[in-house]
Every structure is written in structure tokens, then in C-alpha cells.
Amino acid sequence: IRNKIIKRINEFRVQNQTWLIHGFRKQTTKDESDGFKEEYPSSDFENIECRKRITSYVTSDEKKTLFIEVYWDGKYLPRGGLIRTIKLGFLFKNHAIPNAKNCGYSLRSIFNKIVCQRINIITHSTGTYVASSLLFNVSPSFIDLQTPPQSDIRVALTASASPGIKLFSKYYDRNTAFAFQEEDNYSVLNFINKNDFVLLKKKGFIKFPKLLGNTTLGCDFKDESKKLKEYFELNYPNSSYSEGYNTYNGDHWFKSYTKSDGFEVVMNFLYK
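Residues numbered from 1 in each chain as written. Predicted model: local features only at pLDDT ≥ 70, side-chain atom pairs only at ≥ 80, totals over all residues. Heavy atoms only, no water.

Undergrad: I tried to follow the overall build of the protein on my own but got confused; where do I start?
TA: A count of helical and extended segments in the protein gives nine helices and eight strands. For the protein, whose C-alpha radius of gyration is 18 Å, the value lies close to the compact-globule estimate of 19 Å for 272 residues. With the C-alpha coordinates of the protein rotated into their principal frame, the extents come out at 50 × 45 × 35 Å. Taking all 272 residues of the protein together, the buried fraction comes to 51%. If you take every contact in the protein between residues at least 6 apart in sequence, the share linking residues at least 24 apart comes to 79%. (Helix = DSSP H or I, 4+ residues; strand = E, 2+ residues; numbered from the N terminus. Rg over C-alpha atoms; globule rule 2.2 N^0.38 Å. Buried < 20%, exposed > 50% of the residue type's maximum accessible area, 1.4 Å probe, protein only. Contact = heavy atoms within 4.5 Å.)

This is the structure in C-alpha cells:
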């Protein structure tokens, strides 16, 4: 299966690839029999909306991109009540995050055989963990597969449901012959919404972004993103970490990020 995927990807001889990685608790497609409601968009729908926005921006043959979507979590669980919310929190911390990390690690065996040298990755929410374990060794067990060797990999984190420094402290722990410490082949943009109520885990005026899985990076809680930027400047001086801001509203949905005016920053970062 993996070899068929690699062969299919390499058949598209374009200069750019765009990988879309959704977040936790996303129904893959609309299925009303499974409790789906219109106000809870599926990952498939939100990916389509993202592709529309990018396609309208990428018009020249030089910037033409191949879209590849990663579906790693198909568990849709509706909100409702304190008990269900707590259960979701434990599911996110104890199962979704480890699963996202394993998915990213497994993607290395595909990336290592991709011919295209310019790869853009857009993640939403917990998708940050998929991308991070793909790109560097977030834990000691992620060391036997080579990290992606492509010369230009750009990662746009939208609504990142993760901590900052704690996750990226292993950013330079990679298995590669690429001289990345001299001139990094990775660059990162954090697309922030300070009012994202899911990341803030907001209840009234009280916020719990570190409870049941730290989600401070995407909402820049207590300057988490600023601290990570300073950490990059000190520890990874030849690597790029930048920020952009979504002020659309307090929604956590991927479509609310991709439809916002601020998403122009993401497109300039990926396709300039």
C-alpha cells in the first residue's frame, strides 16, 4: 500500500506539494446517521474549502501544487455536558496525541521516497503532532527512520493544539545527512487565534489551556508563541519561526482559519 501511494505521488511532476493534516475529533465525511450535524463540518469538507482558497491564489504553472490529504483520526464525538467534555479531554490527551505522533512517524517512510523537493504542510489543531513527529524525533522511540530529506519544507500550523517550547525542544533531533544547522530546510509559521475557545478551554471567564493536553501555542496563551520564537532565535539561529494572526472570530474550525483575511499570511509563507 505504501509503495503504491509513493508511486502515485511521484507520477505528478509538479514543483510543489501541499499536504493537509486535520485535527482531532473530525468526522472524515458527512454522515448524518452517525450523529453528524451541519454546524460540525467534516475534515473532507474543510479540506475542500482550504483547497479552494489556495487554488485561487496559486495560478501560475510555477506555483501549481499537488494536494495530498492525510486522514488520521475519524472519531466524531459531539459535545454536550460536563461529563462528555471531560471524557473528550482524556481521549485527546491519552489517545489522540499519541496516535497523531505515531501517524507522523509512519509518514516518514513515504516522505523519504518523494521526489519533489518543495513540500508545504498545513496542519490544523492536533495535526501539529503529526507534522512534528514526521519532521523530528519528538520522543526517543522515533529514531530509526530518516527524517524528511527534501530541501524546502514549509509548515503552517493553524490553531495548533500543542505547547510550544516543550514540543519543539527536540526540533534539531533529526536523522538526516542534510546540514540543517547551517541552513535549515524546514521553516515554521504559527497561525494564531488568541480567542480560539477550544484551545483556551474557556468556561466563562476561566481558561484551562494546560488542562488535559497543553494547547497554549495556537492561542498564544501567556505569550507561548512569543516564547517559542525567542527560543528559536537562541537555540536555532539558522532556522525560521514566524507568526500570523487570525482575528476572524473565536471558532476552532479549520474553515474559520482558511477563510479569514489573515490566512493571506499563510499563503504568502507557503507559495511566495
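Picking up where we left off.
Undergrad: I would appreciate a short explanation of the environment of histidine 252 in the present structure.
TA: On the secondary structure map, histidine 252 appears in the loop between strand S8 (240–245) and helix H8 (254–258). Remark: the alpha-carbon pair of histidine 252 and serine 160, spanning 92 residues in sequence, is separated by 9.9 Å. Setting aside its immediate chain neighbours within four residues, histidine 252 contacts His124, Ser125, Ala159, Asp196, Phe197, Val198, Leu199 and Tyr257. In terms of polar contacts, histidine 252 uses its side chain to reach the side chain of serine 125, at 2.9 Å. (Polar contact = N/O pair within 3.5 Å; in protein donor to acceptor, adjacent residues only side chain to side chain.)

Undergrad: Whenever I open this one, the pairing of strand S3 (residues 118–124) confuses me. Can you help?
TA: On a regular strand, one side chain projects to one face of the sheet and the next to the other, so that they alternate. Within S3, seven of the seven residues are buried, which leaves it mostly tucked inside the rest of the structure. Alternating residues of S3 divide into Arg118, Asn120, Ile122 and His124 and Ile119, Ile121 and Thr123, and every residue in both groups is buried. Alignment of S3 against strand S4 (residues 152–158), held across seven bridges, turns out to be parallel. Among the inter-strand pairings, isoleucine 122 is bridged to a residue of S4, identified as alanine 156. As a crossover connection, the stretch from S3 through helix H4 (residues 127–135) into S4 is right-handed. (Pairing = 2+ DSSP bridges. Right-handed = clockwise from strand over helix to strand, strands pointing away.)

Undergrad: It is not clear to me how the packing of helix H2 (residues 43–57) against helix H9 (residues 263–271) should be interpreted in this structure. Could you clarify?
TA: Axis angle and axis distance: for two packed helices, these are the angle between their axes and the distance between the axes, and together they describe the pair. The interhelical angle for the contact between H2 and H9, taken along N-to-C directions, is 60°, at an axis separation of 11 Å. Between H2 and H9, the angle is such that the two are oblique. As for the relative orientation of H2 and H9, their crossing is right-handed in sense. Facing Cys50, Arg53, Ile54 and Tyr57 of H2, the residues of H9 in contact are Phe263, Glu264, Met267, Asn268 and Tyr271. Residues that form the contact of H2 with H9 fall into these classes: six nonpolar, one polar and two charged. (Axes fitted to C-alpha atoms, helices over the stretch in contact; angles between N-to-C directions. Parallel < 35°, antiparallel > 145°, perpendicular 65-115°, else oblique. Left-handed = near helix turned anticlockwise from the far one by under 90°. Nonpolar A, V, L, I, M, F, W, Y, C, P; charged D, E, K, R; others polar.)

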